[in-house]
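# Fold and geometry: a report
Okay, here's what each chain looks like letter by letter:
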Amino acid sequence: MHTEETFPKAYEPAAIQDRLYREWLDQKIFHANPSSSKPSFSIVMPPPNITGVLTLGHVLNNTIQDILSRKARMEGYEVLWLPGLDHAGLATQVAVEKYLLKTKNTDPRTLSKEEFLKIVWEWKESHSKRILEQLQKLGCSADWERTRFTMDPAYSKAVARAFIKLYHKGLIYRGKRMINWCPASQTALSDEEVIPKKIDGFLFYVRYPLADQPSLFLTVATTRPETIPADSALAVHPEDQRYQQFIGKFCLRPFPKEPIPVIADTRVDPKFGTGVLKITPAHDTLDFEIGCEHHLPIRDILTADGKINCPELPALHGLDRFEARKKSIELLSSLGLLESQQPYSHVVGFSERADAVIEPRISEQWFLRYPKTKEALEVVKDKIITFFPAYWEKVYEHWIKNIKDWCISRQVWWGHPIPVWWKNGQYICQEESPGVEWQRDPDTLDTWFSSWLWAYETMDEETRKKFYPTNVLVTGPDIIFLWVARMVIAGLEFKPSLSDDIYQNIPFRKVYFTGLIRDRLGRKMSKSLGNSPDPLELIQKYGADGLRFGLLRIAPQGQDIRFEESQIEEGRNFCNKLWNACRFRIRFGSINPKARPWDYPRSSFAQDILRKLAQTSILLKEAFEAFEFNQAAIILYEFVWNEFCSKFIEATKWELTFVSKETHQGALETFDYSMSVLLRWLHPFVPFVTEELWQRMAFGHATIQLEPWPNEELQEILKKPLYDPHAASIAQAIFETVVAARNLRAQYCPNFNQKIKFLIKKDKEISHLEKTVLCGLVGATSILSIDVRPPKMPLVSTPIGELYLPLELIDFESEKKRIDKELSKLKKDQLLLEKRLTDERTLSKAPKEKIEQWKEEKKVIDLKIKRLEEQLEHISSIQTD
RNA sequence: GCGCGGUUAGCUUAGUGGUAGAGCGCUCGCUUCACACGCGAGAGGUCACAGGUUCAAUCCCUGUACCGCGCACCA
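About the cut-offs
- Residues numbered from 1 in each chain as written.
- Chains lettered and ligands numbered in written order.
- Predicted model: local features only at pLDDT ≥ 70, side-chain atom pairs only at ≥ 80, totals over all residues.
- Heavy atoms only, no water.
- Helix = DSSP H or I, 4+ residues; strand = E, 2+ residues; numbered from the N terminus.
- Rg over C-alpha atoms; globule rule 2.2 N^0.38 Å.
- Buried < 20%, exposed > 50% of the residue type's maximum accessible area, 1.4 Å probe, protein only.
- Contact = heavy atoms within 4.5 Å.
- Areas by Shrake-Rupley, 256 points an atom, 1.4 Å probe, with all protein chains shown as cover.
- Lys, Arg positive; Asp, Glu negative; His and termini not counted.
- Charge placed at Lys NZ, Arg CZ, Asp CG, Glu CD.
- Phe/Tyr/Trp six-rings, centres within 6.5 Å; stacked < 30°, edge-to-face > 60°.
- Lys NZ or Arg CZ within 6 Å of the ring centre and 35° of its normal.
- Pairing = 2+ DSSP bridges.
- 1 Å grid on protein atoms, 1.4 Å probe; cavity = no way out; pocket = protein on both sides within 12 Å on 5 of 7 lines; lining within 4 Å.
- Points joined across faces, edges and corners; volume = space filled by probe spheres on them.
- Nonpolar A, V, L, I, M, F, W, Y, C, P; charged D, E, K, R; others polar.
- Domains from an automatic or database assignment.
- Core = buried A, V, L, I, M, F, W, Y, C linked by side-chain atoms within 4.5 Å.

This brings us to the overall build of chain A. Helix and strand counts for chain A stand at 26 helices and 29 strands. A compact globule built from 881 residues should have a C-alpha radius of gyration of about 29 Å, whereas chain A, at 37 Å, is more than 25% larger. Projected onto its principal axes, the C-alpha coordinates of chain A cover approximately 115 × 70 × 55 Å. Sorting the 881 residues of chain A into buried and exposed places 54% on the buried side. Partitioning the contacts of chain A with sequence separation of at least 6, the portion at a separation of at least 24 is 77%. Carbon and sulfur atoms make up 52% of the accessible area of chain A, which totals about 39700 Å². Between the averaged position of the 120 positive side-chain charges in chain A and that of its 120 negative side-chain charges there is a distance of 2 Å.

This part covers the packing of aromatic side chains. Considering all chains together, one arrives at 52 aromatic pairs under this definition. An angle of 65° between the planes, with centres 6.0 Å apart, marks the rings of Phe272 and Tyr344 as edge-to-face. Note that Phe272 is positioned in the loop between strand S11 (258-264) and strand S12 (276-279) and Tyr344 in strand S13 (residues 338-351), a separation of 72 residues in sequence. In this structure Phe272 comes out as partly exposed when scored by relative accessible area, which is 38%. Put simply, the rings of Phe163, Tyr167, Trp366, Tyr370, Trp399, Trp406, Trp422, Tyr427, Phe449, Trp452, Phe481 and Phe494 pair up and form one aromatic cluster. Lying over the aromatic face of Trp24, Arg70 brings its terminal NZ or CZ to 4.5 Å of the ring centre. Above the face of the Phe735 ring, Lys647 is positioned so that its terminal group lies 6.0 Å from the ring centre.

Overall, antiparallel pairing links the three strands, which are arranged S19-S18-S20 in an open sheet. Strands with a single pairing partner mark the edges of an open sheet, and in this sheet they are strand S19 (426-429) and strand S20 (439-440). Pairing geometry for strand S18 (residues 420-423) and S20, over two bridges, is antiparallel. Directly across from Trp421, in S20, lies its bridge partner Arg440.

Turning our eyes to something else, we now look at helix H20 (residues 687-697). Three or four residues apart is the spacing at which side chains of an α-helix point the same way, because the helix has 3.6 residues per turn. With nine of its eleven residues buried, H20 lies for the most part within the structure. What H20 keeps buried is the set Pro687, Phe688, Val689, Thr690, Glu691, Glu692, Leu693, Trp694 and Met697. Tucked inside the fold, the buried residues of H20 contact helix H1 (13-27), helix H2 (56-74), helix H4 (113-137), helix H15 (535-553), helix H16 (565-585) and helix H19 (664-682). Directly after H20, the chain includes Ala698, whose backbone phi takes a positive value near 55°.

Quantified by volume, the second largest pocket comes out at close to 550 Å³. Contributing to the lining of the second largest pocket are 19 residues, with Asn743, Val796, Glu822, Lys825 and Lys864 lying nearest its centre. Mapped by element, the contributors of at least two residues to the lining of the second largest pocket are helix H22 (725-748), strand S28 (795-798), helix H24 (812-838) and helix H26 (848-880). Among the elements that make up the lining of the second largest pocket, the one with the highest residue count is H24 (six residues). Its residues placed into classes, the lining of the second largest pocket shows eight nonpolar, four polar and seven charged.

Moving on, we come to the domain arrangement of chain A. For chain A, the assigned domains are domain 1 (15-161 + 449-541), domain 2 (187-359), domain 3 (542-723) and domain 4 (811-881). The distance between the C-alpha centroids of domain 1 and domain 4 comes to 61 Å.

Counting 117 residues, the largest nonpolar core has Phe644 and Met675 as its most contacted members. Per-element tally for this core: the top contributor is helix H18 (residues 629-659), with 13 residues. When residues are assigned to domains, this core turns out to be shared by domain 1 (15-161 + 449-541) and domain 3 (542-723), each giving three or more. Once residues lying within four places of it in the same chain are set aside, the contact partners of Phe644 are Ile609, Phe639, Ile649, Phe671, Ser674, Met675 and Leu678. Counting residues in each nonpolar core, the second largest holds 60 residues, with Leu171, Ile172, Ile385 and Phe513 among its members.

Structure representation (structure tokens):
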């Protein structure tokens, strides 16, 4: 048995976390058994990138998954929470390159592909180890034996096969088109990886003289004068009256000086700039389209790394594109062709990983024509897949309706090689090399082309049979297109269930989108800003449970979170509160794990907490069904702190210490039963402290993890009912009286240790025990009953009667002030109610129950006001005596 | 430009068609035998603004402003 000596005064997470986690691993409770007869519940973890370490976003995300998993286990499901890691092709390559430059002083370009990849694999080993450790420190109950990596041999094979399958269906093709090119990483990117950013630049007004009439010219507004050498034409709107006479004529390109045609195209906006657009088909998407239709020559004047490639123009040739822009302005000025320049803020695409300005570039790449888009839209619209919060459905719909072919090839070393083999310009798409003379396609696949198979290629056949489709996906809305939508498409296209039933093929039934975690200034957390706290440091400081609970409590569904460390501190404090509630209990001996409080005589306080416990179970159930985890956390926090500790324990304390006797056992049984429920409810949120307390106090079996989730049993309490509603209402009255009395004494006797007496003119009879509790909670030695109002004492009106503080009133003014203040508050309410209750229209239209309720409220307020006014009169009469 | 969120106490935020809640911070008082990671009391709010619906609006509707996000861009 524990004593207060063997039960530390404060919860010390560091002392227990690692030990408990090892126990959990040994017990193999996290391991999912596909041949179990239990119903299944499954989640696949969004695989963290191996680029870095965990962020608070991961903490939130994985805590929610852990809550779902742990709760499901307690509810009797066979749970698979499948963890893994993502190779994150370009992101990792960029990270490793930076690392090599910075710490090893090695230029990655001097390394061979094999040498480089060897280093990336080493990087992968060390980083993945660290990330998995972090997840374990957080308490995640994932099935680590099944940890997958997107470049595992089996998984890589699956990726290649997916490519081959789609290729043979004609959905993957090779094409030369406009793509997003990152000059920094020198690779193509998909539309989704381009981040539009607003930048402040200039709009340059440039003159293009007419070829046969150099005194006349057309003025073009452009942000990119460095692309002038690539101009193939000028274009105006066919109906633009200003330029009718120019259509079909030729203008002179400023440099290199050459005549280019003036064409008419409806895609030119006459209202923008001067209404004249320069057409550079090689460097702009719209220009490319226009150029193709008008059969304009394509002049590509940029190299892969963003330098000007125009030997005819030595002044610009070889310059970086931004240097070239400056130089072009100088050139135009000196030629007298720069009319003006205006500051201009516009949107430019940046590459997500290298943060470089994207070049629209014509390039030959592999593309995927998305299959099953109609079906992918329908499964969400028909709620076969449900989004939480639901408004993401609109975003999803918009994307899928405007979907464009996916550029899936990357000029990156780290990634899945494309299963295509080349010989003399011919290619074959297949897994194995057709022969030594065939060269493998040098490109790799977009990382997301592997991730979109994650929901099922991580499972073997047996596992898939039991656990696919998964129940929930928990992820961030920032990857709704990159990942979520594509996974839906993959599920529908590849049919992992081997049937045609879409219900069996979708990757998940529900998607929970977390909010983004921002710093206290509302900025996104990022490595470059250095505003992302290290989860491990927070765990060390506040415990894993403190971090989990603190973060969760402030993360409402679909809302961004403004992070403050004090919130994590609150989480820690909560764990400590729970800990100390149990520490209180051990003073009265061992707990009864099979407590049945309703079999014993109980005080009104015990009945009250039992009722609230049952009511809380309903609120909790609703919160979980709506995936409102923060609401669930708030409900539990309030219940533990305000109801269980501040009211029940505080009241029971006096009962157990001084009154004992008949309700003593009932009080302990109530405590034990309630705490057993609380620990189980809280376990998914704060697994360590609940497990520790469960074991320490011997509430049940060796681990809390598979104890039943309390629910039906509590509904029974409400049904029977196993508490007396009248007794519970008396407890409420006592608590209200306590607040009123403390309020009064704080005015006159702020030192709580100074024992005082109260007098009471009772409206309601209360038991000896209730009186003892009342005395204890207000710090009084006694409360004497009186029949006649003592005129000279401070008074407060309570649900059980008029309460007096027997002190010689010295400061009449301050007492008058106190009463006045109380009165004005009450009168405001009274007026409101009166207005309502005398308004004919309200009386005829408002619901009957409401009117009754208001009448009751008014009665109470009227009485309080009457008492206080009488008191005020008394005081005034004494004063004037 | 279109779409989606948000605007509540000094800060971070819950919340509901009918008296606005919490935590932190602040002020005051407490080593009250579970807890100072605590206990008690208190100050602090025209619930962004303007209309509308309603007997009744912080909540529902419309519009405005500001903040954030997404999509599309017009060079």
